[in-house]
Amino acid sequence: MTSISEQDFLQLVNQNQGIIRKVCQLYGRNDADKEDLYQEVVIQLWRSFGSFRGEAKFSTWMYRIALNTAISNLRKQSRKVTLSFPEFIPKEEADTEEEKIKEEKLKEMYAAISRLTEVEKAIVMLYLDDKSYEEMEEILGISNGTLRVKMNRIKDKLRTLTKAEQDGA
Amino acid sequence: MELDQLKEMWGDVGTKQSNTSEEELQVLLQKKSTSPIAKMKRNLLFELIAVLVLYIIVIAYYFIQYRGGMQWNAWLLLAIGVLYVFYYQRKRKLLNSMECITCEVKSNLKMQLNTLEKYVRFYLIAGTALFPVTLMATGLIMFFYSPEISKDLTVPSGKAVWIFTAVLVFLSAVLTVPVYYINKWYVRKLYGQHVERLKVIVNEMNED
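Just so we're clear, the structure is a prediction, and the values are computed from it rather than from any experiment. Residue numbers run consecutively from 1 along every chain, following the written order of its sequence. Each chain takes a letter, starting from A, and each ligand takes a number, starting from 1, following the order in which they are written. At least 70 in pLDDT is required for a residue's local features to be given in this predicted model, at least 80 for side-chain atom pairs to be given and counted, and no such filter applies to totals for whole chains, interfaces and linings, which use all residues. Only hydrogens and water are set aside; all other atoms, that is, all heavy atoms of the structure, feed into the side-chain values.

Asks: Describe the state of the cysteines, listing the residues and the values that go with them.
Replies: Residues and elements named next belong to chain B. Cysteine sulfur pairs qualify as disulfides if the two atoms are within 2.5 Å. Taken as a whole and judged by the stated rule, the model has one disulfide over all chains. Covalently, C100 is tied to C103 through a disulfide, its sulfur atoms 1.8 Å apart. Across the S-S bond of C100 and C103 the torsion is about 75 degrees, and the bridge reads as right-handed.

Shown next, in the form of structure tokens:
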């Protein structure tokens, strides 16, 4: 039988699964790793659910737990970095030349993101999720000003990395 | 491609993937955490159970089997057992305060780094200190268990205990030095990589 709080929890997680999936997408090195991380995040969310007082938005609370779990977990670093492209990149053949170029550039961008540090990945993820710098500060604990500086540096870094990808480095 | 162009497609991550049903999520809730801290807690509990079982058997054996002076061995082991329980409690307390998963990422990582460094120091100091204590206790038990040891010392029996103790202290002091370095190597092997990784992340978060 499911208790009321468990039912509430399951509903909230169900509605916000995208957050966990995105974190797993960025921090998991392969499919098995992503599934393990997904499971661990759900367990950590459940264990902390009793302390959720609604002082912050549920999504903010969820981002914190998911990122804390992904970043702080001691997971053995594999020697080879395997790039796995996210499911949102269309797998079918692109119809037009323009679409093909766009798809290629998207892959390059994703490959570049996978080379960022763990902190940079977190900032990029929140940026892509359209979070304000205030919300990012609330989740990461890095000041608004520092986040803006870091974001500009990350954009430059990504430009350099995607250029290197194009040049075949 | 610029990062902003990726924003449109990023929203689809998670929504286009097959969602985990509430039933599947419910199954996940019954599973054990595989986080390093949860594993460390479980290992520590197994260690406590193993030590307690072993000590209780040996202490009970000495109490039941012997009378008089030999029972001091049981009291000695009991005292070491009590010290171990304090050691266990300290480690458990450090593990419990090692993370605040609902806190801001930066403060959680800082807390984890500071507590892990304390844990490693405690592990090293307590692990090293345990060696001479165990050696002394073993030596004294052997001395009382085999009184012929004192006969080998060509001194009156009253002084034999003190000479034997002095030799034990000297041996313990000399042997503790390599034990310290072995422990240091082992602790670094266990936690060194994680501590270094956390330091890099915390430094990056502190940079302006």
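Asks: Describe the interface of chain B and chain A, with residues and values.
Replies: How large an interface is tends to be reported as the accessible area lost when its parts come together. What makes two residues a contact is simply this: any of their non-hydrogen atoms within 4.5 Å. The interface of chain B with chain A comprises 45 residues on the first partner and 65 residues on the second. Each partner contributes to the roughly 5400 Å² buried at the junction of chain B and chain A, and carbon and sulfur atoms together form 59% of this total. Salt bridges are identified by distance alone: a Lys or Arg side-chain nitrogen within 4 Å of an Asp or Glu carboxyl oxygen. Counting every contact that joins chain B to chain A gives one salt bridge. Linking A:E118 and B:R197 is a salt bridge whose minimum nitrogen-to-oxygen distance equals 3.0 Å. By the criterion applied in these results, polar contacts are pairs of N or O atoms within 3.5 Å in which, for protein atoms, one can donate a hydrogen and the other can accept it, and in which residues neighboring in sequence qualify only through two side-chain atoms. Run the count over chain B and chain A and you get 15 residue pairs in polar contact (both at pLDDT 80 or more). The term buried area denotes the loss of accessible surface (1.4 Å probe radius) that occurs when two parts are joined, taken as the sum for both partners.

Asks: Go over the confidence of the model for chain B with me, naming the residues and quoting the values.
Replies: What pLDDT conveys is the predictor's confidence in a given residue, as a value from 0 to 100. Here chain B averages 86 in pLDDT, while 89% of its residues score no lower than 70. Both scores are available for the predicted complex, with the pTM at 0.83 and the ipTM at 0.84.

Asks: Outline the packing of helix α6 (residues 118-128) of chain A against helix α1 (residues 3-10) of chain B, supporting the account with residue identities and numerical values.
Replies: Structural elements are reduced to axes, namely lines fitted to C-alpha atoms, with helices fitted over the stretch in contact, and the angle between N-to-C directions of any two is expressed from 0 to 180 degrees. To qualify as a helix, a DSSP run of H or I must reach at least 4 residues; to qualify as a strand, a run of E must reach at least 2; elements of each kind are numbered from the N terminus. It is the contact of α6(A) with α1(B), at a shortest axis distance of 9 Å, that shows an interaxial angle of 65 degrees. On the basis of the axis angle, α6(A) is roughly perpendicular to α1(B). For the pair α6(A) and α1(B), the contacting residues are A:V124, A:M125, A:Y127 and A:L128 in the first and B:L3, B:D4, B:L6, B:K7 and B:W10 in the second. Residues are grouped as follows: nonpolar covers Ala, Val, Leu, Ile, Met, Phe, Trp, Tyr, Cys and Pro; charged covers Asp, Glu, Lys and Arg; every other residue, Gly included, is treated as polar. Looking at the contact of α6(A) with α1(B) residue by residue, the class counts come to seven nonpolar, no polar and two charged. For classification purposes, angles smaller than 35 degrees are called roughly parallel, those larger than 145 roughly antiparallel, those between 65 and 115 roughly perpendicular, and all remaining angles oblique.

Asks: Explain the packing of aromatic side chains to me, using residue names and the numbers behind them.
Replies: To pair, rings of Phe, Tyr and Trp, with the six-membered ring standing in for Trp, must have centres within 6.5 Å; the planes then decide the type, stacked if under 30 degrees apart, edge-to-face if over 60, and tilted in the middle. If you walk through the whole model with that rule in mind, you get 17 aromatic pairs over all chains. Each ring, one from A:W46 and one from A:F49, has its centre 6.4 Å from the other, and the planes form 25 degrees; the classification is stacked. Remark: exposure states derive from per-residue accessible area (1.4 Å probe, protein chains only) relative to the maximum for the residue type, with buried under 20%, exposed over 50%, and partly exposed in between. The exposure class assigned to A:W46 is partly exposed, which follows from its relative accessible area of 24%. When its relative accessible area of 14% is taken as the criterion, A:F49 is described as buried. Aromatic side chains B:Y123 and B:Y191 sit 6.1 Å apart centroid to centroid with 65 degrees between the ring planes, which places their arrangement in the edge-to-face category. With B:Y123 in helix α5 (residues 105-145) and B:Y191 in helix α7 (residues 157-206), the pair connects residues that are 68 residues apart, well separated along the chain. Note on accessibility: B:Y123 and B:Y191 belong to one class, buried. Here the aromatic residues A:F9, A:W46, A:F49, A:F52, A:F58 and A:W61 are joined through ring pairs into a cluster of three or more. By definition, being over a ring means that NZ of Lys or CZ of Arg is both within 6 Å of the ring centre and within 35 degrees of the ring normal. Across from the ring centre of A:Y38, 4.1 Å away, lies the NZ or CZ of A:R21, which sits over that ring.

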